Structure formats: C-alpha cells, structure tokens
Amino acid sequence: MDAEALLEVLIASEPAARKRDKTNRTAIQAPVENLLPLMKRLRQDERLAFDLLLDHTAIDWLAEGRFELVYNLYSTIHGHSLMVFTSVPRDNPLAPTVSEIWPTAHWQEREVFDLFGVLYDDHPDLRRLFLDDDWKGNPLRKDYQDDSMLARPQ
Amino acid sequence: MTVRIRTLEEIVRPPQTADSPFSTQEYFVNMGPQHPIAHGSLRLVLLLDGETVRRVIPAPGYVHRGIEKMAESLTYRQIVHLTDRMDYLSALMNNWALSKTVEEAGGIATNPRIETIRTLMAELQRVQSHILWWGVLGMDLGAFTAFLYAFRDREIIGEIFEDTIGARLTMNYIQPGGLMFDVHPDFARKVKKLIVYLRTILDEYDTLLSGNAILQERLRNIGVLTPEKALALGCTGPVLRASGVPYDLRKAEPYGVYDQVEFDVVIGSRGDCWDRYYARIEEIRQSLRILEQLIDNIPPGPTMVTKFAERIKIPEGAYYGQMETARGVLGVFLVSDGRADTPYRIHFRSPNFNNLWAITALAPGWRIADLIAIQSSLDLVIPDIDR
C-alpha cells in the first residue's frame, strides 16, 4: 500500500489517529488510550500486516512536559512501513506494553524504561537493561544530572 | 494497572528449600562478561540442568557508553566519529547510515561519484566483516586454522582501506555531504586483484571448513529459527534471511547505487545454524559481484558537495533513515528542534541489539556447546548492542 492509501485506511479505522507532520516517513499519531487496539489492528489486519517492529524509542520534550513514544513498523508481506507516535505525560509516564504483539518489544521497552523511566503496563519483565538495578535516575531525560557530566565547551 | 519493576537478583535467587542434595537441581551460571565466545563484554546468565540450557537471560550493558546522550551535544560531523565505535566491523556502513539520514533531513544532494565509492567501500567492508566472522566461528568451534586464514585475508582488505582512509577500524570516512578523501590511485587495481584472489580462496574455505564433518554436525539442525519467530524477535540481516525471509534493504529500499547493480539476495531454507553459516559465505560471493560491476565504473566528480567546515542545520522534525550493514538493519532516528546544529535526540536502531534476543528463544533445550554454535552463528558485535 502506498503512503496515501495507508493513511486513509488507518484514519478510517481509528478516528482518534492523525497524520503526523514533520517526518520523512509515513507517520501517524494517536492518543495513548487508543494505542493498544490500534497496534493490534496494525499487526492483525491483512491489508496492513505489520509483522516487524523495527524500533521503539522515546523523545523527552521537557518544555512541553511529555515523552513522545515512537514505534517503527515494517511489513515484509506488503513492503510498506509506518511510524506510530504517541505521548505520555512526564509526571505519569505510563504506556501499554506491545510485547504481546511483537515479542521484540520486551527488550526495546526495557531500554526505554531504563533510559527514560517510561513505565509499561503489564510488561512481564520490566527491569533495567544497560544500567545497574540500583542506578538513580534515567540518563536520557533532558534534566538528568550526574557528577561526571561536563558542560559542552563553547 | 500492573507495573512491577523487577531486578536480576530477584530472578536468580535460589529457592528457599531445595528438595534433597541428591535430586536434580537447576542452577544459574554466569557466562561472561568475560568469556572467549562473547568477543566483547556480554554477560549471559544461564539456567542449567546439568549441561542442558533451560533459560538464557542476557545482561548487556558492560560497554554502554551513552553514545545517544553524548550525541545530543555534538554536531552531525562529530557524531560520525561515535558511529565507528558501535559496530566496529561495519564502521563505514555506520558512518554512511548517519550521513544518509542527515543528508535526507537536511536536503543535501550528493553526486554519483560519492555514492559509487560509498557502495564500493560498504561492500568491501561487508566482505571483510563476513571473513572475520567466518574465522571466528571456526575458532569458537575449535578450528583455530580458520581463524588464521581469515586474519590473513582480512588483512588484504585492511590494507586497501588504509591506502585510502588511513585508518583500519574506526574509519570516519563517510561524512554528511561526501567523503573525507578521494580514493587512492591504486584502489581499483588492488580491488580487482582482491576479487580474483577471494574467488579462489572462498573455494578453499569450503574445502577447509564448510565441508568438515565436525562443523556440519555442530551446525546442522541446531538452533532452528522459523521465519515467524525471526520476525517476531525483530531479527534482520543474514539471521533473518537464513530463515527464509528475503528482506534486504539493498533491494527493498535501495540506496547508494545498489539499484544499478545485479546481485541476489541470499536466503536459507531451514533457519538452522548451518543456514546462517552458509548464507554469509554466499553473501561474500554476491558482494564480490557488486564490486566487480562497480570498480571500473566510478564516475568523475568532486568527493565533497558541502564545504568541510560548514555547519549543517536540519529543519525541525523527526527523521528516520536505515541501511543494511553486515549484520542487519541499522536505523538512525534523528529529531531536530530546528534551532541548534546538534540533534535534539538521536537513536540508533542497531541490528545486534535485536539479533541478540534470538538467543533466548534458540538456546533452551540445547547443550552449552550448542549455545556456543548458536551465538557464533548470530555474529554479535557487543558494543553495538550497548551503544
């Protein structure tokens, strides 16, 4: 499916979803409450059939007080790709896990949990991935401070 | 709402009551972080029953340098230096992946000369990486001769790189907007000689190792990865293709000059260790085909389209670019706020990070010695997992 047709199908089936601008790929954004049913449909609908979750990560929009979560999907059956964006508030960063749909999300979500502190509802094994279990803070947050950090030389 | 944060200690803590000292008991053993098979610092926590692996818990992070955090305060040209240090055996392809994403986002158009040289260099590196992997797999399974052969032949490609680039491992050669230097005058002659040499030597590899009965016993029907499972676990590259899924970005989403050359995507039929082994051997042959078609057809032109000191600014937005490295899909996710000459956020979707987790599905039920074969057939580069 080309980008236009893909967006049309998606927005018809999920009215809360919108096209996300300012990206170089086909992308939609959806509220976090609608994320799980949307993702299930993306995987199961035969016209969409996104069978490969290439990547999942987050962006810390400190000034706006939210984390933006990004899911990067590809379908080896149809050869189309899609990026899904959603936002969670910084003071209550709770998102549903998609590891039931794509098992690779287990570890991608653990990485985001480790480095951003986003919590995944119903995740079966939510542990830090790279840092020690007793590490304080989440380094990829924009307001993270640590004794060994230096300011960029001007 | 059920968010439960766990720790590794919780999982590996022994049960309070063991039945009796004589009964069969499962136990945890650390394999790594320092272990010859890991080729870097990877820790696997194994749940064993005798010598049978029941569960594998990878605990990465020993080479975590915070590349993504560092990159937030560096300019795009400076970040290229960091990409060398992720998958160091695909350094040129990592450079290229970042450069390609920055060029796409910043609207920088390169010329055919730059793209052809990039493609040539990337394929040379793929050959070099696969040859090293072949030798290392031999060593892991007890055939040290293969390791010595591989290092001898890898050296020839290392010299070709050194002529042009001056470096052998951390290349930093492909930059946003072009290349650091033009190719060495001897480049074409040496690459042609290499193609002829490698064609004969690959046959020798087959007689030396591929046809060996012990190697076949150690690899055939071990660690079978079905296509559905490979996709669900996010595997890419030769690992996914060996399971029979023909997903290769050089065909699926051509970049460089891959759309102008003829080559075949190598796929396996069973997805066992042997298929992953032979897929890579066959990929070397395909890369040689690409090199052969391009080496006499490097178009003229400048090797840099931007001024070297030029500060690259990217308009506000989120951009994603990807590339097929020797191990799979390397994605670069780049977010710019449109104000600074540094990224607001950069994320690398590294192939090894996703390929690593296949081991949790493949190893259970096999012996420790088979785990070695499985891990070796996944061709992991640890710094790329941790970043």
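Residues numbered from 1 in each chain as written. Chains lettered and ligands numbered in written order. Predicted model: local features only at pLDDT ≥ 70, side-chain atom pairs only at ≥ 80, totals over all residues.

Some points on the sheet that holds strand β2 (residues 43–49) of chain B
Residue and element names in this part refer to chain B.
- Reading across from one edge, β1-β2-β3 is the order of the three strands in this open sheet, with antiparallel pairing throughout. Strands at the two margins of the open sheet, each flanked by one partner only, are β1 (27–31) and β3 (52–59). In this sheet, neighbouring strand axes are inclined to one another by 25° on average, regardless of whether the strands run parallel or antiparallel.
- Where β1 and β2 come together, five bridges link them in antiparallel fashion. (Pairing = 2+ DSSP bridges. Helix = DSSP H or I, 4+ residues; strand = E, 2+ residues; numbered from the N terminus. Axes fitted to C-alpha atoms, helices over the stretch in contact; angles between N-to-C directions.)

Quick notes on the interface of chain A and chain B
- In this complex, chain A contributes 34 residues to the contact, which on the side of chain B involves 40 residues.
- Those elements giving two or more residues to the side of chain A that touches chain B turn out to be β3 (52–61), β4 (66–74) and β7 (119–121) of chain A.
- Top contributing element to the side of chain A that touches chain B by residue count: β3(A), with six residues.
- Among the residues forming the side of chain A that touches chain B, the class breakdown is 17 nonpolar, seven polar and 10 charged. (Contact = placed C-beta atoms within 7 Å. Nonpolar A, V, L, I, M, F, W, Y, C, P; charged D, E, K, R; others polar.)

Some remarks on the pairing of strand β8 (residues 345–349) of chain B
All names here are of chain B.
- Of all the five residues making up β8, five are buried; the element is thus mostly covered by neighbouring parts of the structure.
- By the alternation rule, side chains of β8 split into Arg345, His347 and Arg349 and Ile346 and Phe348, which are all buried.
- In the sheet, strand β7 (residues 328–336) pairs with β8 via five bridges, with the strands oriented antiparallel. Counterpart to phenylalanine 333 in the pairing with β8 is histidine 347. (Buried ≥ 20, exposed ≤ 12 C-beta atoms within 10 Å, placed from the backbone.)

A word on the sheet that holds β4(A)
Residues and elements named next belong to chain A.
- On the basis of which strands lie adjacent, the open sheet formed by five strands has the order β1-β2-β5-β4-β3 and mixed pairing. Among the strands making up the open sheet, the edge pair consists of β1 (18–19) and β3.
- By the bridge criterion, three bridges tie strand β2 (residues 27–29) to strand β5 (residues 81–89) in an arrangement that is parallel. Residue pairing in the sheet places isoleucine 28 in a bridge with valine 84 of β5.

So, the packing of helix α3 (residues 76–83) of chain B against helix α4 (residues 91–106) of chain B
All names here are of chain B.
- Close contact between α3 and α4 brings their axes to 8 Å; oriented N to C, the two are set at 155°. The angle between the axes of α3 and α4 places the two elements in the roughly antiparallel class. Crossing hand, α3 versus α4: right-handed. Residues Tyr76, Ile79, Val80 and Thr83 of α3 touch α4, and the partners they reach there are Asn94, Asn95, Leu98, Ser99 and Val102.
- Within the contact of α3 with α4, the residues separate by chemical class into five nonpolar, four polar and no charged. (Parallel < 35°, antiparallel > 145°, perpendicular 65-115°, else oblique. Left-handed = near helix turned anticlockwise from the far one by under 90°.)

Comments concerning the packing of helix α5 (residues 112–140) of chain B against helix α12 (residues 273–294) of chain B
Residues and elements named next belong to chain B.
- With their axes 9 Å apart at the nearest point, α5 and α12 run at an angle of 155° to one another. Classed by the angle they form, the pair α5 and α12 counts as roughly antiparallel. The way α5 lies across α12 gives a crossing that is left-handed. Here Thr116, Thr119, Leu120, Glu123, Leu124, Arg126, Val127, His130, Ile131, Trp133, Trp134 and Leu137 of α5 lie close against α12, whose contacting residues are Tyr277, Arg280, Ile281, Glu283, Ile284, Ser287, Leu288, Ile290, Leu291 and Leu294.

So, the nonpolar core
- Core analysis: the biggest nonpolar cluster contains 150 residues, and Leu73(A), Leu92(B), Ala230(B), Ala358(B), Ile359(B) and Ile374(B) have the highest contact counts within it.
- Residues from two domains meet in this core; each of domain 1 (8–59) and domain 2 (67–386) of chain B gives at least three.
- Other than its neighbours up to four places away in sequence, Leu92(B) contacts Met121(B), Ala122(B), Gln125(B), Met171(B), Tyr173(B) and Ile174(B). (Core = buried A, V, L, I, M, F, W, Y, C linked by C-beta atoms within 7 Å. Domains from an automatic or database assignment.)

Regarding the domain arrangement of chain B
All names here are of chain B.
- Looking at the assigned domains, one finds that chain B contains domain 1 (8–59) and domain 2 (67–386).
- Its C-alpha centre places domain 1 at a distance of 32 Å from the equivalent point of domain 2.
- The partner domain 2 presents 18 residues to the 13 residues of domain 1 that form the contact.
- A per-class count over the side of domain 1 that touches domain 2 returns six nonpolar, four polar and three charged.

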